[in-house]
Amino acid sequence: MIYQDNLQFALQLDEQDALRSFRSEFLIPKHNGEDAVYLCGNSLGLQPRSAKKYIQDQLNAWETNAVEGWFTGDEPWLNYHKQLLPALSNLLGAKQTEITVMNSLTVNLHLLMVSFYKPTGKRYKILMEAGAFPSDQYAVESQVRFHGFDPNGAVIEVAPRAGETTLRTEDILKQITDNADELALVLFSGINYYTGQFFDLEAIARAGHAAGAMVGFDLAHAAGNVPLKLHDWGADFACWCSYKYMNSGPGGISGIFVHEKHFTDTSLNRFAGWWGYRRDKQFLMAPGFEPENGAEGWNVSTSPIILMALHRASLDIFERAGGLQALRAKSELLTGYLEYLISEVNKKHGEEVYHIITPADNSRRGCQLSVVCKRKAKEIFNYLAQNGVIGDWREPDVIRLSPVPLYNSYVDVYRASESLFRAI
Ligand SMILES: *Cc1c(COP(=O)(O)O)cnc(C)c1O
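If you're wondering where the values come from, they're calculated on a predicted model, not measured in any experiment.

Q: Can you lay out the domain arrangement of the protein for me, pointing to particular residues and giving the numbers?
A: Per the domain assignment, the segments of the protein are domain 1 (7–35 + 323–423) and domain 2 (55–319). Here the C-alpha centroids of domain 1 and domain 2 sit 29 Å apart. Each partner contributes residues to the interface: domain 1 has 28 residues there, and domain 2 has 23 residues. Taking both sides of the interface into account, the surface hidden between domain 1 and domain 2 amounts to around 2100 Å²; carbon and sulfur atoms contribute 56%. Of all residues in domain 1, the largest losses of buried area upon contact with domain 2 belong to Leu324, Ile357 and Arg364, amounting jointly to 30% of the total for that side. Seen at the junction of domain 1 and domain 2, the total is zero salt bridges.

As structure tokens, then:
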């Protein structure tokens, strides 16, 4: 698309946007009585208007049915999670049996590493991206220690080349191949939280398997943002959170993917709990753990129904919007428009004040642009906040801006660029 740097053009794009009505299904925070420009869905997605009703329904069910709510009512709690699976299967590119919702993200990363990080002999190393989200680094380091290894030798981090900020796929693949004999696990994020780079997960999975390693993905910044094909790519496992692009509330419930090729593998360790027990026998309360078939067998504890209700409020909107296919088309245009406007701001100032480190290639990024401010970065960020443009700040000089196709408009993006221009 040939973009234009004026409000008229932004208004026109909004008018032509088939998804524009979904914005009104979300509660947009206010700034001086007007809608703020909220570009922070990478950190916390906005609240669906319907969230209160979805929760209220379950409070009502609890009031009316009390403990019987597990088995009776319109949506018996025992099967409540199943209503989340069609939408998640679309967003993750997985069979419904390969997905379950449970716990929170870092907890799930640990539980999945219990199953899929199986160091043996000299094959004990984990390969991951340098600069992964800190929680993932801590999880990996502590898992490695738990198995008696030193993270300094057991964790291989793939770093960008000197003078570069994102990773080259060829470098990732080469490091996998070079370390093939020693790798137990290749663990990558789908999208790096800092740079916004969307990794070539298919290629990473293929290389990891060719090396004889397990391959897992943390999709916190990818789920609900970019198209994923976990099943076809053959990933062994994945996990994600629901409170970023999936708008399911602060600390919302997480989800996991386990590829069906592992369903019958009884050699996998798991930290079991009764909620992963065979559904048909769960309430016999018998000794000896027998897992439910599929990802559900990784559940540990009783379903948190209120968190699931919040998750469902948002996933139902994704379904009505036509799933990720429809959203992705708009997302590319919206983020492309922000990228274009930032380059116009630089032109008007006659210098590159704002340097985008996120890949320019649409297929290698999602909603987010990570913008390095070459001077007065913190002041610029504060100026944006004072003017109702909500992004987020990452040390030392990066502002992350993420227009989200479900609730952001082209005018939002235009307003953000006006503030970026005036901030200087
Ligand atoms: C957001 C995020 C987390 C946060 O984990 P929680 O357990 O939900 O606090 C972890 N890893 C990545 C990659 C993230 O982006």
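Q: Just give me the short version of the sheet that holds strand β10 (residues 214–218), but keep the residues and values in it.
A: Read across the open sheet, the seven strands follow the order β6-β12-β11-β10-β9-β7-β8; overall the sheet is mixed. Of all the strands in the sheet, the pair left with one neighbour each is β6 (99–101) and β8 (155–158). Within this sheet the neighbouring strands show an average axis-to-axis angle of 20°, counted without direction. Of the pairings in the sheet, the one linking strand β9 (residues 183–189) to β10 comprises five bridges and is parallel in character. Note that in β10 the partner of Leu187 across the bridge is Gly216. Most of the contacts of helix α7 (residues 169–178) go to β8, to which it runs at about 155°, and overall it touches β7 (125–129), β8 and β9.

Q: Give me the lowdown on the packing of aromatic side chains, citing residues and values where you can.
A: This model, assessed by the stated rule, comprises 20 aromatic pairs. Here the aromatic rings of Phe26 and Tyr407 are separated by 5.1 Å at their centres, their planes lie at 55°, and the arrangement is tilted. Taken together, the residues Phe26 in strand β1 (residues 26–27) and Tyr407 in the loop between β17 (398–401) and α13 (410–423) connect sequence positions 381 residues apart. The same class applies to Phe26 and to Tyr407, which are both buried. Aromatic pair Trp70 and Trp77: ring centres 5.4 Å apart, planes at 80°, arrangement edge-to-face. Look at Trp70 and you get buried, because its relative accessible area is 18%. With a relative accessible area of 8%, Trp77 lands in the buried category. Of the aromatic side chains, those joined through ring pairs into one cluster are Trp70, Phe71, Trp77, Trp274, Trp275 and Phe283. The ring of Phe133 has Lys244 sitting right over it, with the charged end atom 5.0 Å from the ring centre.

Thresholds, definitions, all that
- Residues numbered from 1 in each chain as written.
- Predicted model: local features only at pLDDT ≥ 70, side-chain atom pairs only at ≥ 80, totals over all residues.
- Heavy atoms only, no water.
- Domains from an automatic or database assignment.
- Contact = heavy atoms within 4.5 Å.
- Buried area = accessible area lost by both parts, 1.4 Å probe.
- Salt bridge = Lys/Arg side-chain N within 4 Å of Asp/Glu carboxyl O.
- Pairing = 2+ DSSP bridges.
- Helix = DSSP H or I, 4+ residues; strand = E, 2+ residues; numbered from the N terminus.
- Axes fitted to C-alpha atoms, helices over the stretch in contact; angles between N-to-C directions.
- Phe/Tyr/Trp six-rings, centres within 6.5 Å; stacked < 30°, edge-to-face > 60°.
- Buried < 20%, exposed > 50% of the residue type's maximum accessible area, 1.4 Å probe, protein only.
- Lys NZ or Arg CZ within 6 Å of the ring centre and 35° of its normal.

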